[in-house]
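Summary of the model geometry
In case you want the letters, here they are:
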Amino acid sequence: MTATADAQPAKSWLAWASSLSLESLFSRKRQLGPPRTIYVNEDVPEEYFDRKGRPQPQYVSASNQVITSKYTIITFLPRNLLEQFRRIANIFFLVISILQFFSIFSTISPGVAILPLIIIILITAIKDGYEDIKRHESDRRVNHSTVKVLAGGQWKNTNLVEAKSKTFVRGLTQRLMGEKAQTRPEYHDEYESDSEAENDEDHLIEKDNGIRPHWERVLWEDLKVGDFVKIMDNDPIPADIMLCATSEDGNVAFVETKSLDGETNLKSRHGVAALNHLRDAASCSRSDNSFQINCDRPDVDMYRLQANVVTKGEKAPVDLSVTLLRGCILRNTRWAIGVVLFTGQDSKVVLNSGDTPSKRSKVERQMNPLVIANLVILAAMAVVCAIADSLSEVKFYPMGAPWLYGDNHGDDNPRINGLITWVYSLLTFQALIPISLYVSIEFVRTCQAAFIYFDGDIYYEKTGQATICRSWNLADDLGQIEYIFSDKTGTLTQNSMVFRECSVGGRVYGDDSIEEEVESEEVLAKPKAIYSAVDAAPLEVNVDLWAAHQSSGSNLAHAQPQRSASETKVSEKVKPTGERFHNAALARDIEHSISGDPDSGNAPHSRLLNGFFTVLALCHSVVTSVNHATGEIQYKAQSPDESALVQAAADVGFVFCGREKEILTLRTPSADIEKYELLNILEFTSARKRMSVVVRKLGGEDGRIFLLTKGADNIIFQRLKQSEHDLMAETEVHLSEFANKGLRTLTLAYKVISESEYFDWNKRYHEASLSLENREDKVEAVCSDLEQDLRILGATAIEDRLQDGVPETIADLKRAGIRIWVATGDKLETAIDFADLESAIGRSTNLVASDSNIIIIRGGNVGRTVYQQMVFAMDKFFPETSTDLPRPSTTSRETNIPLQRIQTGASVVGAGNGERPGGFILVVDGAALQDAFEEEESKKLLLRLATLCEGVICCRVSPLQKSLIVRLVKDGLGVMTLAIGDGANDVSMIQAAHVGVGISGEEGLQAVNSSDYAIAQFRFLKKLLLVHGHWSYARNGRMNLNFFYKNVVPTGVLWWFQIYSGWSGDFVFDYVYILFWNSIFTIAPVIGVGVFDRILDYQILMDVPELYHFGRSGSWFSLRSFFVYFTDGVYQSLIIFFLILYTYYPSPSSRKDGYDVYLQEFSTTMALVSVMVANIFTGFNVNAWTWWIWFATFIGIIVVWVFTIIYSLISPGYAVTHLYGAYYFLFTSPYFWLCIPLTFILSLTPRFVAKAWKTGYKPDDLDIIRYIHKYEPHHNFAHDVHLPNLTALRRPGSAASRRTSQFNDSTPSLVNPRRASRQSINLAASRTDLATGIVSQDRGFDFAQEEGGVAIRRIQTNLSSRHDLAQRRPTSKGKETLSHMFSLRRLRRKSSPKQTTSG
């Protein structure tokens, strides 16, 4: 019992010690506090303070100061020392230095002995400190951003907040940045002038020393919990804030959350209804507007917030719909007022990011075992000397050996002297441990960081930003990356949608704006009313004020003053939102529609054109605003998709002018104004894949009702009338062409609804929307009933713009053998569509190829469990690897769901699913990941399934899940990982990977501040890895191996001498040669290798990415290479010692005077030859002999010769040396001149012969390419068709590609995509959704919108209240003909302004 009890604390202590890390030891993370109550305009309770009036810790909130740096003034010294003494060699030399403070072990002055270690630690500390100062500067830029905070009046924030960090490096960073120390920003008073302010009399109050309530700009780090803040349009959110009121109708605000969840569409938020009256500084500061906010404890869940606000005895719920999270940006909202809930480390985005890790490169981690191996060898050598010396003394002491005279004391006798000899031998052979290696590595890595910084190819001229190394010690890791984890939005894409093509009535219209010079005459000839991308300036739109008066969505009524009836026209412009769509043929067709005969043969197509662009202009949730200064209409959309579609309609003349409540205003190419009453919005969801609006045309003859729809082609095709199949088939061909070009598509359709049909349907829709059970299902069923028997109009094609060079970069990284995983916050459908898009753009990105098989794993409570889905995928697609899987037991959830195939249009796609030659792509959503990470067995199965696939796409993942994904691969496979992103949601992923790369994009500097490398464009990653990374790894690996080798040579010579010195641990040559061996004589060649060596020219490494294989496989630094170099050193020390020894000693005398050979004569020869052999051997291992390499190789040899001559000339009158006069006996002896070339040749011959044999008889790919480059300097490796036959380039494919090799046996396993033929393949990737069993194919529809958003809900509520169920039942029936829906008469120019628009 006692033993068991004693074992428990021991186990606990061991568990604590094993889990201890520098990150946790110095973590600034505070413990999450209990649920809190925030008091606004009232004092906090007395129980928040102890008896002495001090705040109790549990009630103190975090400050808003966020620090991503590693060190503070207090923690720098201990943390940096702990980091440096993780290196075994540093510990060893610290022990050696301490030993030399004891006189019995001292070889030189103790201060001199410890000086090298101090210099190395000091240099490394300076480098680490400089890196961290840069992080402090970045933190300062964020923390010193400003925000408007309520001040003055009766306002006082009594909530308790902790003090800011006192050790934050302020003055130092300010001086380094050349800035003047500033504790507060310039004082700003802002007094209310908005028309929305409820108390206009406040503006008449005279300023009284700042007492009047106002908005004051303060630093972000000074923001406190409970503060009122006013956020302006396009401002970032400084903390987690509860929204009270906004400038928009219904107190709605729009926020951009892509830096948090990766989604590009805007999210709508609304103010707490009970606090909507807090619209100005005066009302916010009144004591009678007091309230309390009860919050749950801070939580890492980005999609959940639980709180409530209590005001005047009533409670109102607070959730994410009324919350603005830190990291978001306010968009399309003039201002928003809110109360701070969580600050700093309690905010969700910071909780999802970890502490700044102390990363070490793989080479450095590999060096510790090698240093330990050297230590073991060193200890064994010392033990042998100690035992041999002790036995020798025991044997010869009784015989009266003169050298043992007096060895009869307690601390000096034959037995204890063995221990002293052991310690002394450690000092003798200490050169085996390369202490100067670490400082040499730091110097080399500094140079490598400078090479990266000054590389013009990875310098972004647009922003003037160079690639910055924030962690210099990770350069060699860049050359060993096997997995890349990338964010999507802002990292791979520009978040910019451009309308490229459309198919209308079977005709394709492409964007030919790039041919503006050729088409300039046509552009000049087209009507003024039609917009074009080639216009020098936006054309004016003459808008009838009466017609536009209702369109407050565009704020036209507020933009211009009221005029008399005679002043019927105003000038109105549409602001360009990027590239404009223009097609000359389309412009002519629209012109013909305006002036053509309604009964002509071209009339049906003209009606389709008119209908097509009317749907684009009306079926959306875009709002408009007018720039008061320029009069331009600005489209504000929740997603760039919708903005591009509405802008495209405006480009061809169908201008959406805005929405006033339920009235939509449209301007046609003929300058007519049309009005539509918005009756219903059938919103977009990822399940519906479509959006519809029901509108009634106003001002016409019969007030017809239309259903306008846009959505994914397979969804729309299922709902078309039978008579539409011919046009559907033509459109489907065009859709395939669009998809093969990498464009994202939407299909447009419409339907005319009779009054009676709409009356009955709206009644059912209203009842379904009020249902308390299964509301969503009932609403969807009613919506689906209406969205039947549609008439197709055409399809759109939008380019989701990638960053420049992304397709080529991803393709080349794939060729390099690097697997790329995409982790995004986008919805699952958007993520797959993005991947489909990538496969189509030039077939080069390879995230999903046109013939790939997509496996979808979904979480949630529908269909199979996540584990069952993964087991099923293994059984179906990888049966040869799934035999050992544990089978899940059958649960209440459905497990036997048969695979179904979805029919899209006239063809059944997905044939041969699972047997396509393109391999498998795994798509996992965040809910599935959450389930998989709960159990160790599920994690292992997920990792196993993922590694069998060509690529993995993780969608709808939180920032914390991104880091878990990285750790799953990093720890589960033990491979080198790199994470790249540009937003705050990528910080945890960047910190979890071996190498983190931040992109300075549109999402701020959060990712850059936490990264190891900062780049401006994703395409720079190619050269960073394939060239700089590969060079750095090869250089550092070779340098380390040569460093270990060159220290073996003198140590071996000293060791062989022990045979002849009684194993005493004495030096064979003068100690000064050991002292300067690493610091002067042999340091230059190894540093030259680390700085100037090149395995190949950079252009070849860029043209042949497959050569990166040598870095991924660890070819440049491994245990095997270490022992090869170690053996070289041992062999050379044998040659040097014994050849020189027996050259001098068998001879009666090597001197002309007949005296015996003195020890320093042959030992100095050994020292000189050792330096020459070590330096030339290092030169042998260089691949590119430049002038710098020549200099580095021979400078040490010259120095050692000059030093020997000068040192041997020093007279004993100046200093006692062992080499005085040696120059005479050395340089006049034929033995000396015989030993040098003989020893030199014999020492280097084995390595030279082995290298020549390998190059000539067993060359690798590097040897072959070097040979080609030598004799054909201008050879173009980028277009060399023979390269796939090189051995390293023939990599084995994945399990999927091997199983499907029958499809492409004749094709090489790897072909440069840029050389591959661009054949048109109308195969889209086959998808298997294992949660539902559905096998399907679609081309990637282009649409993204907030699901269940506040803005949409508000519009639907207004519509529901306006459409009274008691409305009259009409008797007339709408005519379902296109001519009645989109009449050509609407496009004709009017003869007079008084003419009305006909139906």
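Parameters at a glance
- Residues numbered from 1 in each chain as written.
- Predicted model: local features only at pLDDT ≥ 70, side-chain atom pairs only at ≥ 80, totals over all residues.
- Heavy atoms only, no water.
- Helix = DSSP H or I, 4+ residues; strand = E, 2+ residues; numbered from the N terminus.
- Buried < 20%, exposed > 50% of the residue type's maximum accessible area, 1.4 Å probe, protein only.
- Contact = heavy atoms within 4.5 Å.
- Areas by Shrake-Rupley, 256 points an atom, 1.4 Å probe, with all protein chains shown as cover.
- 1 Å grid on protein atoms, 1.4 Å probe; cavity = no way out; pocket = protein on both sides within 12 Å on 5 of 7 lines; lining within 4 Å.
- Points joined across faces, edges and corners; volume = space filled by probe spheres on them.
- Nonpolar A, V, L, I, M, F, W, Y, C, P; charged D, E, K, R; others polar.
- Pairing = 2+ DSSP bridges.
- Axes fitted to C-alpha atoms, helices over the stretch in contact; angles between N-to-C directions.
- Parallel < 35°, antiparallel > 145°, perpendicular 65-115°, else oblique.
- Left-handed = near helix turned anticlockwise from the far one by under 90°.
- Phe/Tyr/Trp six-rings, centres within 6.5 Å; stacked < 30°, edge-to-face > 60°.
- Lys NZ or Arg CZ within 6 Å of the ring centre and 35° of its normal.
- Polar contact = N/O pair within 3.5 Å; in protein donor to acceptor, adjacent residues only side chain to side chain.
- Patch = residues over 30% accessible without salt bridge, like charges linked within 9 Å, V, L, I, M, F, W, Y side chains within 5 Å.
- Salt bridge = Lys/Arg side-chain N within 4 Å of Asp/Glu carboxyl O.
- Disulfide = S-S within 2.5 Å.
- pLDDT = per-residue confidence, 0-100.

1. Some thoughts on the overall build of the protein
Across its full length, the protein holds 45 helices and 40 strands. Per-residue burial for the protein yields a buried fraction of 59% across its 1399 residues. For the protein, the proportion of contacts with a sequence separation of at least 24, taken over those separated by at least 6, is 79%. As displayed, the protein has an accessible area near 57,400 Å², and 56% of this comes from carbon and sulfur atoms.

2. Considerations on empty space enclosed by the protein
As enumerated under the stated definition, the model contains 11 cavities of 30 Å³ or more in all. By volume, the largest cavity amounts to about 290 Å³. Along the wall of the largest cavity there are 23 residues; nearest its centre are Lys70, Glu83, Asp128, Lys359 and Asn473. Of the residues that constitute the lining of the largest cavity, the class distribution is two nonpolar, eight polar and 13 charged.

3. Here's the deal with the sheet that holds strand S3 (residues 214-219)
As summarised here, the arrangement of the six strands in space is S3-S2-S4-S13-S5-S11, forming an open sheet in which the pairing is antiparallel. Looking at strand neighbours, the two that pair on one side only are S3 and strand S11 (323-324), the edges of this open sheet.

4. A closer look at the pairing of strand S24 (residues 673-682)
In terms of burial, S24 is largely enclosed, as 10 of its 10 residues are buried. Sheet analysis places strand S23 (residues 663-667) next to S24, joined by five bridges and oriented antiparallel. In the strand pairing of S24, leucine 664 is matched with tyrosine 676. Between the antiparallel neighbours S23 and S24 lie five residues, among them alanine 671 with a positive phi of about 75°. Of the pairings in the sheet, the one linking S24 to strand S25 (residues 690-698) comprises seven bridges and is antiparallel in character. Considered in S25, the bridge of asparagine 680 is made with valine 694.

5. Focus: the packing of helix H31 (residues 1020-1058) against helix H34 (residues 1083-1092)
Relative orientation of the contacting elements H31 and H34 amounts to 165°, with a least axis distance of 7 Å. Overall, the two elements H31 and H34 adopt an arrangement that is roughly antiparallel. In terms of crossing hand, the pair formed by H31 and H34 is right-handed. Here H31 contributes Arg1035, Asn1036, Arg1038, Met1039, Asn1042, Phe1043 and Lys1046 to the contact with H34, which in turn contributes Ile1083, Val1086, Ile1087, Val1089, Gly1090, Val1091 and Phe1092.

6. A word on the packing of aromatic side chains
The final tally for this structure, using the stated rule, is 54 aromatic pairs. Ring geometry for phenylalanine 228 and phenylalanine 291: centres 6.3 Å apart, planes at 80°, overall edge-to-face. A residue pair is termed long-range when its members are at least 10 positions apart, and phenylalanine 228 in strand S4 (residues 228-232) and phenylalanine 291 in strand S8 (residues 291-295) qualify at 63 residues. Accessibility classification places phenylalanine 228 together with phenylalanine 291 in one group, the buried group. Ring centres of tryptophan 1201 and phenylalanine 1227 lie 6.0 Å apart, and the angle between their planes is 5°; on these two criteria the pair is classed as stacked. With a gap of 26 residues between them, tryptophan 1201 in helix H39 (residues 1187-1209) and phenylalanine 1227 in helix H40 (residues 1222-1227) connect regions that are remote in the sequence. An aromatic cluster is present here, built from Phe1069, Tyr1073, Phe1076, Phe1081, Phe1203 and Tyr1207 joined pairwise through their rings. For the cation-ring pair, lysine 230 lies above tryptophan 335, with the distance from its terminal atom to the ring centre recorded as 5.4 Å. The ring centre of tyrosine 1098 lies 4.3 Å from the NZ or CZ of lysine 1023, which sits over that ring.

7. With respect to the environment of threonine 1255
You can see threonine 1255 is positioned in helix H41 (residues 1230-1257). Measuring from C-alpha to C-alpha, the distance between threonine 1255 and tyrosine 1267 comes to 9.4 Å, with 12 residues separating the pair along the chain. From its side chain, threonine 1255 meets the backbone oxygen of lysine 1251 in a polar contact 2.9 Å long.

8. Re the environment of aspartate 139
Checked against the element boundaries, aspartate 139 lands in helix H5 (residues 110-143). When its relative accessible area of 2% is taken as the criterion, aspartate 139 is described as buried.

9. Here we look at a nonpolar patch on the surface
Nonpolar side chains collect at one region of the surface, where Trp1185, Trp1190, Phe1194, Ile1198, Val1202, Ile1205, Ile1206, Leu1209, Tyr1223 and Tyr1224 lie side by side and expose about 960 Å² of accessible area between them. Here the nonpolar patch gets seven residues from one element, more than from any other, and that element is H39. Note on placement: isoleucine 1205 falls in helix H39. Overall, the relative accessible area of 32% leaves isoleucine 1205 in the partly exposed class.

10. Side note on the side chain of serine 471
Position of serine 471 relative to the elements: it lies in the loop between strand S14 (468-469) and strand S15 (483-486). Among the residues examined, serine 471 registers a relative accessible area of 5% and is labelled buried. Look past the residues within four positions of serine 471 in its chain and what remains in contact with it is Glu131, Arg135, Asp1012 and Tyr1013.

11. Focus: the sheet that holds strand S6 (residues 252-256)
The antiparallel open sheet is built from three strands, whose spatial order is S7-S6-S12. Pairing within the sheet leaves two strands with one partner each, and these edge strands are strand S7 (267-270) and strand S12 (329-331). Put simply, the sheet's adjacent strands are angled 45° from each other on average, direction ignored. Alignment of S6 against S12, held across three bridges, turns out to be antiparallel. Residue pairing in the sheet places glutamate 256 in a bridge with isoleucine 329 of S12.

12. Remarks on the state of the cysteines
For the structure shown, the criterion picks out zero disulfides. There is no disulfide at cysteine 954, and the cysteine sulfur nearest it, in cysteine 955, is 7.7 Å away.

13. What about the confidence of the model for the protein?
Chain-level pLDDT for the protein is 76 on average; 72% of the residues reach the 70-or-more range. For the protein, strand S33 (residues 907-908) is the element with the lowest average pLDDT, namely 26, and S4 is the one with the highest, namely 94. Here residues 1-5 is a poorly scored stretch, pLDDT under 50, and it has zero contacts once near neighbours within four places are set aside; other chains count. Taken as a whole, residues 1364-1381 scores under 50 in pLDDT and shows 34 contacts with residues more than four places along the chain or in a different chain.

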